[in-house]
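Descriptive analysis of the structure
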Amino acid sequence: MIKATINNIEVEVKEGTTILEAAKKAGFKIPTLCYHPDLKPKGSCGICVVEVEGFPSMKRACMTELVNGWNVHTNTAAVRAVRKELLELILANHEMDCPTCIKNNRCELQSLAATLGITTLKYKQSFEKKNLDNSSMSIVRNPNKCILCERCIQVCEEIQTVNALALSKRGSETIITDAFDEGLGNSVCVNCGQCTVFCPVGALYEKSDIDKVWEAINDPEKHVVVQEAPAIRAMLGEEFDMEPGSLVAGKMHAALRRMGFDAVFDTNFTADLTILEEGTEIVGRIKNNGKLPVITSCSPGWIKFMETFYPHLSEYVSTAKSPQQMFGALSKTYYAEIKGIPPEKIVSVSIMPCTAKKFESKRPEMKDSGFQDVDFVLTTREIARMLKEAGIDLKDMPDEPADDPMGQYTGAATIFGATGGVMEAALRSAYFLVTGKELEDVDIVAVRGMDGVKEAEIDVEGLKLKVAVAHGLGNARKILDKVTRQLEKEGRSEYHAIEIMACPGGCVGGGGQPWGSDMAMRARRGETLYKEDKSLPYRRSHENPSIKLVYEKYLEKPNSEKAHHLLHTHYYKRNKIDGKVVQE
Amino acid sequence: MNIVRNHILISIDAGTLMAGARAVEDALIKELTKYGLDKEVSVLETGSLGITGRGVVLVVYPEGIYYADVTIKDVPELVEEHLLKGRPLKRLILTEAPKRTIITKEKTGLLKEQPRIVLKNCGFINPENIDEYIAAGGYEAIAKALQTMTPEDVVNEVKESGLLGRGGAGFPTGLKWEFAIKTPGDEKFVICNADEGEPGTFKDRLILEGDPHKLLEGMLIAGYAIRATTGFVYIRGEYSLSIERIEKAISDARSYGLLGKNILESNFSFDIFVKKGAGAYVCGEETALIESLEGKRGHPRNKPPFPINAGLWGKPTLVNNVETLANVPEIIRNGAAWYKGYGTEKCSGTKVYTILGHVATPGLIETEMGTTLKDIIFEYGGGIREGKAFKGALIGGAAGAFIGPEMLDVKMDFINLREYAAALGSGAILVMNEDTDMVDMLKSVLHFFKHESCGHCAPCRLGTAKLVDIIDEIAALKGKKEDLERMVEITQAMKNASFCPLGQSVSLPVSSALKYFRDEFMARVS
C-alpha cells in the first residue's frame, strides 16, 4: 500500500494508483481534458498537472503513479495558473462557435472552461482555418475544432486496430488525419464511429440526415416509416437526462409517432427474422458440411473490416443481411403490398446506435426491393436532437407499442443490442431448428458480459456446438487470427459459430450512442436489454407471431428463394489503402 | 617499410568537403608526384582538425604547421615552397592554430593546451583505417575489460570516474549503467544517441567523423558492462560522412572479430547497427529516439518507465551520448583515478565545446571541466572578432541559457552552472558581440522551437507557436510591455506541463534573455 498526502489529507492506496485516482479518493476532482477512463493516458493536454513537493516541475495526475511519502498539491496558485494558461492557449486554437456547434452543452472543453473559471479570453483566436472532411458517408471531421487530444487515434489504433487515423505534420502544424490525407471516406476507416464517441469536442461527429428526414416527414406525398435498433431503447433516455440504462421502448415508439412518422415499427422485428435466416443457415452448414464457423453479419463496421483485413474469411460470414437492411427491403415490398402503398412513395428511416449503418444503407447492393432499401439512417444523437426540436421530451411520453406488422418482437431480438446477444438468440432458435424441441433454459450467460472474447459450448442433443463472441475489432482480430491459423493448419476450426460486433460492448456501445459515455455505461445499457428480454412473453425468435406471419404470407420459409433475394447479401474484397472495392 | 619525410593530414569533414577538400587532396598528390615527392611525402585523410569556417584545412608534420583556406590554386605554391624547398608558406598559415591544437597526453596545466581525451585521435589518425586506431592504443580497453574485469568491475570503474552524461542533462553515467546491470532481462540494448540536433553543436559529428572506432569501443564496453547483445547508433540523417565512416568502422571491426560472436575469444558477443534519423530535433530525447528506432513517429514516452527498465521494444535499454561513450575507453584503459585528475571535484574529465558566433576562431575544442567561460571564449576562441566588445553568449544550444558579461568568470561544468540557472547542455557556445540584437536572437531561438516541437503535448505545441507570435510582434516594434509578462507566463506553463524536456527547456532561453538583457526588450515594447 502507498501512503501519501493530497492537499494535506492522508491517503492510502494500492500500488500503481495514479494521482488522479488517489485524489478522487481524498475528495478532490482534478480537472482533465485528454484523459478518458477507457483509454491509456497519453498526457497530451497537461491540464491535470499537480505539484509534488521536492520536484522542480509539475506532474501529470492522469499518468503519474503515487509514490509512498509524496505530498501532492492539486490546488495551488501555481497549479491553477498553469492550467488556465494552457486552457487559454487551447481555446485560442479552437474554433469557438459554441452555440452552433454540434457539441454545444455536451462539450468537454466548454465545461472545462467553466470549471476553471475562464470568463474572458487572454489570446485572440489564431488558427488557420482548414476544410471539413466530408468524404465519409458516416463521419464528419472538423479539424478546426480538434484539440489533438489523440483519443480518436487511440481508440482507432488500440481498441479497434483499424489505424485509420494518425497524427500528421509536426508542432503547431500537427493535424489528425487519415494515412494519405485523402479523407476518411477514402481510407480504411470502417465507419464504426468510436472516434465520434471519444472526441471531447465537436471535431468528429456523424454525417447528419436530419434535414432530409424532416423534409420527408413534411412531404404529404411520402409515407415515412421508421425502425429503431434494439440498443436505442436502452440509451435514448440518457439524451433526456434519464438514468443511464433506462428502458424507454414504449416511450420511444410514442415519441416517434408524435414526431410525425406514418408508421412506427421496430428493428427488433427483423432481428427475429435475422435469427431465423441466420439460424437456418448455421444449421444447414452444419448438416451439409458447409463452411464453418458461420460468422455473424449484423455489424456493418465489422463487415467492412472483414472485407479489408480478413477477406479470406468472407465465405464464412453469414449471407444474412443485417436487421436494418432486412427491414428496409421488407418495408418496400411486404409492407407496401399489404398496405397497397406504391413503394416509391415509402421513405424508410432507421434509428441506429451506429454510424456504420449510414454506410451500409448506401452500399450499392442494398437495393433488393427495387429501390434503396433504407433511405436515411439517424443516430441516437440525431433523433434526440429532432425530438427536442419537435418539443418532445421522452420523459413525458406514455408507453406505446410499435405498429403491426413489423413491430412485434421477442426477447431474443432485444438482446441483439448487447455483445453476445445475437449468439444467444441464435442458439435459442438453432436448438429448436435442429431438435424440434425448445431449449429449456434460454439464459446463456457464458456469452454475456464485457469480456473481450467469450466462448461457450452448448450441447444440442449430442451435437456439441462451440461458439465464440468478440466485441471491439481488436478483440475480433484475436479470434479471427486463431480461426485463420486453425483453418490453414487443420482445414477446420473448433468453432461452429462466431459473433462479432465492431463496437466495444456491442451496439449499446455503438458509434452513434449519446456523448460522454464510458465502458461502465455501456455495460449498464446491456443489462437493461437483458431485463427487457426476461420481461417479454416470447423469448425465442421463432415464437414471434409476426415472424410466422411474414413467412406464411410472403417469404414462404427461411432461406427460401424469395428470402434469399430480399434478405441475403454478398461481400467484397477491399484494399488496405483506401478501403475501396478491389474484387467483386 | 617506407619511411616518409612529411605527413600531410588533410581534414575531411562535412565543412572541408564542401570547401573542396577532396579536390585539394587530389591536386596535392598530383603535384607531389610531379616533383617525385610522392614517396617521401604522404597525404592522409583525417577527421576534423577542430577548425571551422576556414575552408580546406590541413596540417604538415613533423613541423605541425596548419594551413587554412587552401584552394587548388594554392597547391603548386604550397608544394614547391614547403615540401620541396622547406619554407612554410606564410600567407596560408593558420596563426591561431598552435594555441588551439597543442595536445597534451599528460596534464600540464597550461591553459592554451587542450587536454584531449575524447578527441585524442581526431586529426591524427585516418578514421577510415582501423589499423591506425589500433596503433594508437585502440581496442586495448575492451581487451582489458574482457580479460581482466567483470562487468561489475567495469560499471564500478565508470561510476568511480565520476563521468557525467555529455548529452546535456549531466546524469551520472556509472549510475545509469548500474541501473542497467541490475535490471533483469533476457535481452538488453545499448543505444548511442548520435542524433545531434542542438543548434550550433557539432561535437558528436567530429567524433563520428574523426574517430569512429572510439565510439564503437565505448559501446562494446557498455555492452559488456550491462550484458547487452546488440547496440544501435541512432545517427542524425544529415550526417552523411559520419554515417559512411561509422558504417565502415562497423564493417572493419566485424572483419577483425571485434564485433560479432565471442569477441577476442571471450564469451561476450555484441554487434552494432546504424539507424538514420529523419531530422526531428525531438528524437534527440531518448524515449522519442526509441520510438523512432522502433519505426514509429518520434514522440516522447512517459517516464517512468525509464528506458533502462523498458526501452527499445520494451527491453532494458541503455542510451548514452556519443561524447559520453567516447570517454569510456580512456577511463577503462587508464583507470578512474587518472580520469578524475581532469576537471573539477564534482565534475571530472573534459568537455568538448563548439565555439561559434562572433569569435576570432570558431571551432571545436576540448578542455577540462571547470574552465571559465572567459578562457573558452578569449583564449581558445581567440576573443571577439574585429576588436568588438563581448555582449553575451548562448550556452548549450537553443535549449540553453543566454548569459551576460557578468557570467564570464563562472566555471563551466554541469554542476556549477545549475547554480546560475544555466546549463552546459550540448556544449555549444554561441558568442555575440556588442552589435547583436538580443530580441532577434531570442526570436530565432523561438522560431527554432516552434519548428521542432513534435506536436504531441498542448503546452509545447501551442506555447512555442504563441511565443513566436509574441516575439515577432516585439521584433516588429508592435509589442506591448505586457507581452513580456505573457512570455514568462507561457514558459512557466511549458516548464511545468510540457511532456518532455523539449518544451520544458524553452523557459531557459526566454527567462535568461529577459534577465540579462531586459532593458533591450523594454526598449522595443510600448
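Thresholds applied
In this convention, every chain numbers its residues from 1, walking through the sequence in written order. All chains are assigned letters beginning at A, and all ligands numbers beginning at 1, according to the order in which they are written. Owing to the predicted nature of the model, reporting of local features is limited to residues with pLDDT of at least 70; listing and counting of side-chain atom pairs is limited to 80 or more, with chain, interface and lining totals taken over all residues. The way it works is that DSSP assigns letters per residue, a run of H or I at least four long becomes a helix, a run of E at least two long becomes a strand, and they are numbered from the N terminus. It is over C-alpha atoms that the radius of gyration is taken, and the globule rule equals 2.2 Å times the number of residues to the power 0.38. A residue is called partly exposed when the number of other C-beta atoms within 10 Å of its own lies between 12 and 20, exposed at 12 or fewer, and buried at 20 or more, with C-beta atoms placed from the backbone. What counts as a domain boundary in this text is fixed by an automatic or database domain assignment. A pair of residues counts as a contact when their C-beta atoms, built from backbone coordinates, are within 7 Å of each other. Throughout this entry, Asp, Glu, Lys and Arg are counted as charged residues, while Ala, Val, Leu, Ile, Met, Phe, Trp, Tyr, Cys and Pro are counted as nonpolar. The remaining residues, Gly among them, count as polar. Only the stretch in contact is used when fitting a helix axis, every axis being a line fitted to C-alpha atoms; angles between N-to-C directions are given from 0 to 180 degrees. Helix crossings fall into two classes, left-handed where the near helix is turned counterclockwise from the far one by less than a right angle and right-handed where it is turned clockwise. Between any two strands, pairing holds if DSSP finds at least two bridges.

1. Quick look at the overall build of chain A
Across its full length, chain A carries 19 helices and 19 strands. In terms of overall size, chain A behaves like a compact globule, its C-alpha atoms giving a radius of gyration of 25 Å where 584 residues would be expected to give roughly 25 Å. Expressed as lengths along the three principal axes of its C-alpha atoms, the size of chain A is roughly 75 × 60 × 50 Å. Counting every position in chain A, which comprises 584 residues, the buried fraction comes to 56%.

2. Remarks on the domain arrangement of chain B
All names here are of chain B. If you check the domain split of chain B, you get domain 1 (6-95), domain 2 (130-339), domain 3 (350-433) and domain 4 (438-522). Look at where the C-alpha atoms of domain 2 and domain 3 centre, and you get two points 27 Å apart. Domain 2 puts 11 residues into the contact, and the matching count from domain 3 is 15 residues.

3. Notes on unusual backbone geometry
The general pattern is negative phi for most residues beyond glycine and trans for most peptide bonds. All names here are of chain B. With an omega of 10°, the peptide bond running from Y61 to P62 counts as cis. Note on placement: P62 falls in the loop between β3 (58-61) and β4 (65-67). Here the bond from K303 into P304 is cis, since omega is -5°, no more than 30 degrees from zero. Inspection of the secondary structure assignment puts P304 in the loop between α12 (286-293) and β10 (317-321). In this structure, D69 is a non-glycine residue whose phi angle is positive, near 55°. With respect to the secondary-structure elements, D69 resides in the loop between β4 and α3 (75-84). Of note, E386 is a non-glycine position whose phi angle comes to about 55°, a positive value. By the element assignment, E386 lies in the loop between α15 (373-380) and β13 (390-395).

4. Considerations on the interface of chain B and chain A
Of the residues lining the interface, 28 residues belong to chain B; the matching set on chain A comes to 21 residues. Looking at the side of chain B that touches chain A, the elements that each hand over two or more residues are α17 (438-452), α18 (458-475) and α19 (481-497) of chain B. By residue number, the principal contributor to the side of chain B that touches chain A is α18(B), which donates 9 residues. Its residues assigned to classes, the side of chain B that touches chain A comprises 10 nonpolar, 10 polar and 8 charged.

5. What to know about the domain arrangement of chain A
All names here are of chain A. With domains assigned, chain A is organised as domain 1 (2-75), domain 2 (92-206) and domain 3 (211-583). Computed over C-alpha atoms only, the centres of domain 2 and domain 3 are separated by 29 Å. Listed per partner, the contact involves 22 residues of domain 2 and 29 residues of domain 3. Listing elements by their share of the side of domain 2 that touches domain 3, those giving two or more residues are α4 (151-159) and α5 (194-198). With 3 residues, α5 is the largest single contributor of residues to the side of domain 2 that touches domain 3. Partitioned by chemical class, the residues of the side of domain 2 that touches domain 3 number 9 nonpolar, 9 polar and 4 charged.

6. Concerning the packing of helix α8 (residues 267-287) of chain A against helix α18 (residues 545-555) of chain A
Working note: a packed helix pair is described by the angle between its axes plus the distance between those axes. Residue and element names in this part refer to chain A. It is at 9 Å that the axes of α8 and α18 come closest, and there the two elements cross at 65°. In this structure, α8 crosses over α18, and the sense of that crossing is right-handed. Between α8, through F269, D272, L273 and L276, and α18, the contact on the second element is made entirely by S546, I547 and V550. Considered class by class, the residues forming the contact of α8 with α18 number 5 nonpolar, 1 polar and 1 charged.

7. Describing the sheet that holds β10(B)
All names here are of chain B. Spatial ordering of the open sheet is given by β9-β8-β7-β10, a layout of 4 strands whose pairing is parallel. Edge positions in the open sheet fall to β9 (271-276) and β10, since each of these has one partner strand only. Mean inter-strand twist for the sheet, computed between neighbouring axes without regard to direction, equals 20°. In the sheet, strand β7 (residues 189-194) pairs with strand β8 (residues 230-235) via 6 bridges, with the strands oriented parallel. The residue of β8 that forms the bridge with C192 is V233.

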